[in-house]
Amino acid sequence: MSLESKDLELIERVIYKNGDDIAVSIGRSFERLEERIDAAESRIYGRLAEIEDKIESSRQDIFDYLGEMKEEIREIRRLSADN
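**Q** I tried to follow the overall build of the protein chain on my own but got confused; where do I start?
**A** On a plain count of helices and strands, the protein chain comes out with one helix and zero strands. Viewed in the frame of its principal axes, the protein chain has a C-alpha envelope of about 120 × 15 × 10 Å. Across the 83 residues in the protein chain, those meeting the buried criterion constitute 0%. Of the roughly 8200 Å² of accessible surface on the protein chain, a fraction of 56% belongs to carbon and sulfur atoms. Charge separation in the protein chain, taken as the distance between the mean sites of 14 positive and 22 negative side-chain charges, equals 2 Å.

**Q** I keep staring at the pattern of salt bridges and nothing clicks. Help me out?
**A** Where charged atoms of side chains with opposite charge meet at close range, the side chains can pair. Within the structure shown, the criterion is met by four salt bridges. Residue glutamate 71 is joined to arginine 74 by a salt bridge in which the shortest nitrogen-to-oxygen separation is 3.3 Å. Taken together, the positions of glutamate 71 and arginine 74, both in helix H1 (residues 5–82) and three residues apart, correspond to about one turn of that helix. Relative accessible area serves as the criterion here: at 46%, arginine 74 is assigned to the partly exposed category.

**Q** Help me understand a nonpolar patch on the surface, please; the structure alone is not making it clear to me.
**A** Together, Ile22, Ile26, Phe30, Leu33 and Ile37 give the surface a local cluster of nonpolar side chains, amounting to about 500 Å² of exposed area. Among the secondary structure elements, isoleucine 26 is positioned in helix H1. On the basis of relative accessibility, which here comes to 43%, the residue isoleucine 26 falls in the partly exposed class.

**Q** What am I meant to see in a negative patch on the surface here?
**A** A contiguous patch of negative charge on the surface is contributed by Glu31, Glu34, Glu35, Asp38 and Glu41. The exposure class of glutamate 41 is partly exposed, given its relative accessible area of 39%.

**Q** When you look at the environment of glycine 46 in this model, what are you seeing that I'm missing?
**A** Counting through the fold element by element, glycine 46 comes out in helix H1. Given a relative accessible area of 33%, glycine 46 falls into the partly exposed group. As a C-alpha pair, glycine 46 and isoleucine 73 span 27 residues in sequence and 40 Å in three-dimensional space.

Reading the values: the criteria
Residues numbered from 1 in each chain as written. Predicted model: local features only at pLDDT ≥ 70, side-chain atom pairs only at ≥ 80, totals over all residues. Heavy atoms only, no water. Helix = DSSP H or I, 4+ residues; strand = E, 2+ residues; numbered from the N terminus. Buried < 20%, exposed > 50% of the residue type's maximum accessible area, 1.4 Å probe, protein only. Areas by Shrake-Rupley, 256 points an atom, 1.4 Å probe, with all protein chains shown as cover. Lys, Arg positive; Asp, Glu negative; His and termini not counted. Charge placed at Lys NZ, Arg CZ, Asp CG, Glu CD. Salt bridge = Lys/Arg side-chain N within 4 Å of Asp/Glu carboxyl O. Patch = residues over 30% accessible without salt bridge, like charges linked within 9 Å, V, L, I, M, F, W, Y side chains within 5 Å.

Next up, the structure:
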């Protein structure tokens with residue numbers, strides 16, 4: 001029972017068909033991976049923006065506090081100079 005050329009052609013077509021299916025599957029997997037990477041990147045940038053906002057808010061709070069302390073020190077100096 002030897003293989004005829006029709007059989008070989010059929011086997012070859014099956015191999016090529018499966019190869020295409022595998023290539024398409026791999027391509028789709030890469031697309032999904034790219035989407036996941038993009039989503040993760042967006043989340044990271046969102047969190048970095050939140051951190052920047054918190055840092056800026058804290059920075060402003062510190063400047064306000066220092067300004068208040070500066071005013072209190074000036075007031076103490078003024079009161080000390082008046083006495």
